Amino acid sequence: GGGGGAAMADGDGLVSVDYEVYGKVQGVFFRKYTQGEAKRLGLVGWVQNTSHGTVQGQIQGPTARVRELQDWLRKIGSPQSSISRAEFSNEKKIEALEHKEFQIVK
């Protein structure tokens, strides 16, 4: 990890976005893989199963990296998952990350 107070260039600021993924996404280690991918990209946030068979959560980090995870959630997911669609909402620019890490919420 790197700290540092230098401001990022415009266009690569921090964003926060909520997501919900539909399809066969429970019981296929989807949360574990999402956490792994988020950590690989240096993102923070959370992921949880919902009572109606979807996976939802929030992603925060540099815009370009968030876009990468959005693509991953749309098309890839965990090896045994079958994603029908991913929806994203409440996207906003943030000044600082609101989470310390990417957590799986039980």
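Since the structure is predicted, the reported quantities are computational estimates derived from the model, not experimental observations.

### Some remarks on the nonpolar core
With 20 residues, the main nonpolar core has Y19, V21, F30, L43, I59, L69 and L73 as its most contacted residues. Those elements that provide at least two residues to this core are β1 (14-24), α1 (30-41), β3 (55-62), α2 (63-75) and β4 (82-94).

### With respect to the sheet that holds β3
Strand order across the open sheet formed by five strands is β4-β1-β3-β2-β5, with mixed pairing between neighbours. Two strands in the sheet have a free side with no partner beyond their single neighbour: β4 and β5 (102-105). Taking each pair of neighbouring strands and ignoring which way they run, the sheet shows an average axis angle of 20°. Two elements, β1 and β3, share eight bridges in a ladder whose sense is antiparallel. For E20, the partnering residue across the bridge sits in β3 and is Q56. Its contacts with the sheet place α1 against β1, β2 (44-49), β3, β4 and β5, and it is angled at close to 170° to β5.

### Here's the deal with unusual backbone geometry
Although it is not a glycine, F29 sits at a positive phi angle of roughly 60°. Topologically, F29 is positioned in the loop between β1 and α1. Even without being glycine, N90 reaches a positive phi, approximately 55°. In this structure N90 comes out as exposed when scored by relative accessible area, which is 52%.

### Some details on the UniProt feature "active site" (unreviewed entry) in the protein
Mapped onto this numbering, the UniProt entry gives "active site" (unreviewed entry) at R31 and N49. For the annotated residues, spread through 19 residues, the largest C-alpha to C-alpha distance comes to 7.8 Å, consistent with a single compact locus. For R31, the location among the structural elements is in helix α1. The contact partners of R31, leaving out residues within four places of it in the chain, are V47, Q48, N49, I104, V105 and K106. Along the chain, the position of N49 falls in strand β2. Setting aside anything within four residues of it in sequence, one finds N49 in contact with V25, Q26, R31, T54 and V55.

### Details of the packing of aromatic side chains
A full pass over the atoms with the stated rule returns one aromatic pair. Both rings, one in F30 and one in W72, keep their centres 6.1 Å apart while their planes meet at 50°; by these two values the pair is tilted. Here F30, found in helix α1, pairs with W72, found in helix α2; they are 42 residues apart in sequence, far enough to count as distant. When the ring centre of Y33 is taken as reference, the NZ or CZ atom of K32 above it lies at 6.0 Å. The ring of Y22 is capped by R85, whose NZ or CZ atom sits 3.8 Å from the centre of that ring.

Thresholds applied
Residues numbered from 1 in each chain as written. Predicted model: local features only at pLDDT ≥ 70, side-chain atom pairs only at ≥ 80, totals over all residues. Heavy atoms only, no water. Core = buried A, V, L, I, M, F, W, Y, C linked by side-chain atoms within 4.5 Å. Buried < 20%, exposed > 50% of the residue type's maximum accessible area, 1.4 Å probe, protein only. Helix = DSSP H or I, 4+ residues; strand = E, 2+ residues; numbered from the N terminus. Pairing = 2+ DSSP bridges. Axes fitted to C-alpha atoms, helices over the stretch in contact; angles between N-to-C directions. Contact = heavy atoms within 4.5 Å. UniProt positions renumbered as here; feature names shortened; annotations may be inferred. Phe/Tyr/Trp six-rings, centres within 6.5 Å; stacked < 30°, edge-to-face > 60°. Lys NZ or Arg CZ within 6 Å of the ring centre and 35° of its normal.

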